[in-house]
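Close look at the chain arrangement
Chain residues, written in single-letter form:
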Amino acid sequence: MSNKYHIITFGCQMNEHDSENIGGMLEDMGYENCDDKDNANIVILNTCSIREHADERFYGKLGQLKKKRLGDPNYVVAVCGCMMQQEHIVKNMKKKFPWVDIIFGTHNIEEFPRLLQTCMEKRSKVKEILSDRDLVPERLPSSRLYKYKSFVNITYGCNNFCTYCIVPYTRGREKSRSIDSVISEVKFLVADGVKEITYLGQNVNSFEDPDGRDFTDLIYETNKIEGLERIRFMTSHPKDLSDRLIKAYADCDKLCNYIHLPVQSGSTEVLKRMNRKYDRDRYLGIVRKIKEMVPDITISTDIIVGFPGETEENFSDTLDMIKEVKYDSAFTFLYSIRKGTPAGEYDDQIPEKIKHERFDRLLNDINKITADKNREYVGRIEKVLVEGISKNNKSKLVGRTEGFKLVSFFGEANLIGEIISVRIINANTFSLEGEML
Ligand code: SF4
């Protein structure tokens, strides 16, 4: 019987992809993935520090492993990810969770097999955290969540220092891979059955490869790959969104008509204090250009509510903004202090009650817009990449349109991984219903 691993991932797609790589490395070592932490020999928690909520959930999950770990000397608990890049958290971990076997960070995940071996051979605790890295890891093994779609990391780290964000401190300065190496990875994935790739990075559109080629060059190159059907990317920063990239939407048939363009606030004043490096007008100008070039594009965004100093007037600007852009969807977050960030020190923090009240109003408006936008799809025929069986109805399949809308419809499981035509027959707030053609 082979050894088993179980990974618990918190946070963003970068973390999800890191977990796929950790899984791939463990499988190369002969381990098997396992859904149940209690039946695994090794459990890895890949942490996120972007929001308070993820921190809390991590400590809760870690606490659940204590009894099993202390009762079973062969059970290994490893912790990695963004939280481990923060000194005060590692200190706290060593004090409160001394039974954790391995602690490593975001800059050395490729070293995990060595750390695991050291821990098991020497029966000792292992901690290895680097403050940054010079080289980006290339082509790590990966245990992909999906056979027919894949994440591909193109940049690591971030140079933007938005004042609320911990990422530049936990993921280090931005580094880009070379276009040649990215393209060869995508070709390898396509040969392995992948139809859709999502380029990943904290700020993908500031990508610049060692030869000076930029993100738009990468998109044009990727579009030439035979057998690949869809290209997505996330996350893009409005300040780096070039006219060339907007034009690539018209030129590149594989680039999906979808963009995630985080606005964070509709108020120029708040954007300045967030250090976002664009203002309300510039953002709206970019959206206008995108819509002119790609009239059927779907746009999603991130919004933070209750940033320090946010006045009722600033918040109204955000409400106006969502009405003007008419986002297809929005990820909304309550601002929470991240220790070590400039905004965490601002002395005009917004009381929780006000934050929650604004959050509810925003959500109410966003949901109405999302539902209206979805209703526009009824009667249309959409190309859908079938992703799996619906959780709510086992005889239904679910998939994504080019515009990243979730669609459910009746169909057989052998269609999973295929791109099929679906007529939309009903619209809900967060999803569409369709029938296969
Ligand atoms: S762009 Fe801003 S929000 Fe995004 S990772 Fe970088 S610092 Fe954080």
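Worth saying up front: this structure is predicted, and the values here are computed from it rather than measured.

This paragraph deals with the sheet that holds strand S13 (residues 298-305). Neighbouring strands of a sheet are bound in pairs by backbone hydrogen bonds; such pairs are parallel or else antiparallel. What the 3 strands build is an open sheet, ordered S12-S13-S14; its pairing is parallel. With partners counted over all chains shown, the strands left at the sheet margins are strand S12 (258-260) and strand S14 (329-334), one partner each. Neighbour-to-neighbour, the strand axes of this sheet turn through a mean angle of 10°, independent of strand direction. Pairing between S13 and S14: 6 bridges, direction parallel. For Asp 302, the partnering residue across the bridge sits in S14 and is Phe 331. Relative to the sheet, helix H13 (residues 352-375) contacts S13 and S14, its axis offset from that of S14 by approximately 175°.

With that settled, the discussion passes to helix H6 (residues 179-191). Taking 1.5 Å of rise per residue, the 13 residues of H6 would be expected to cover 18 Å, and the 18 Å separating its terminal C-alpha atoms lies within 8% of that figure. The inward-facing, buried residues of H6 contact strand S7 (149-153), strand S10 (196-200) and helix H7 (215-223). Just downstream of H6 lies Gly 193, where phi reads positive at about 105°.

A few words on the sheet that holds strand S4 (residues 76-81). The strand order across the open sheet formed by 6 strands is S2-S1-S3-S4-S5-S6, and the pairing between neighbours is parallel. On the outer flanks of this sheet lie strand S2 (32-33) and strand S6 (126-128), each paired with one strand and no other. In the sheet, S4 pairs with strand S5 (residues 102-104) via 2 bridges, with the strands oriented parallel. Paired with Val 79 across the two strands is Ile 103, which belongs to S5. Contacts from helix H1 (residues 13-28) reach strand S1 (4-9), S2, strand S3 (42-47), S4 and S5, with the element oriented near 170° to S1.

This next bit is on the site of the ligand. Around the ligand sit Cys 158, Asn 160, Phe 161, Cys 162, Tyr 164, Cys 165, Val 167, Pro 168, Gln 202, His 237 and Arg 276, and that is every residue in its neighbourhood. A class-by-class count of the residues in the shell around the ligand yields 7 nonpolar, 3 polar and 1 charged.

When the domains of the chain are assigned, the result is domain 1 (4-128), domain 2 (146-256), domain 3 (261-376) and domain 4 (381-436). Domain 1 and domain 3 are separated by 34 Å when their C-alpha centres are compared. Contacts between the two partners involve 7 residues from domain 1 and, on the opposite side, 4 residues from domain 3. When domain 1 packs against domain 3, the two sides together hide about 520 Å² of surface, and 44% of this comes from carbon and sulfur. In terms of surface lost to domain 3, no three residues of domain 1 exceed Arg 51, Glu 52 and His 88, which account for 73% of the buried area on that side. Across the contact surface, domain 1 and domain 3 share 1 salt bridge. Linking Asp 55 and Arg 338 is a salt bridge whose minimum nitrogen-to-oxygen distance equals 3.4 Å. Classifying every residue of the side of domain 1 that touches domain 3 gives 1 nonpolar, 3 polar and 3 charged.

Reading the values: the criteria
Residues numbered from 1 in each chain as written. Predicted model: local features only at pLDDT ≥ 70, side-chain atom pairs only at ≥ 80, totals over all residues. Heavy atoms only, no water. Pairing = 2+ DSSP bridges. Helix = DSSP H or I, 4+ residues; strand = E, 2+ residues; numbered from the N terminus. Axes fitted to C-alpha atoms, helices over the stretch in contact; angles between N-to-C directions. Contact = heavy atoms within 4.5 Å. Expected span 1.5 Å × (residues − 1). Near = heavy atom within 4 Å. Nonpolar A, V, L, I, M, F, W, Y, C, P; charged D, E, K, R; others polar. Domains from an automatic or database assignment. Buried area = accessible area lost by both parts, 1.4 Å probe. Salt bridge = Lys/Arg side-chain N within 4 Å of Asp/Glu carboxyl O.

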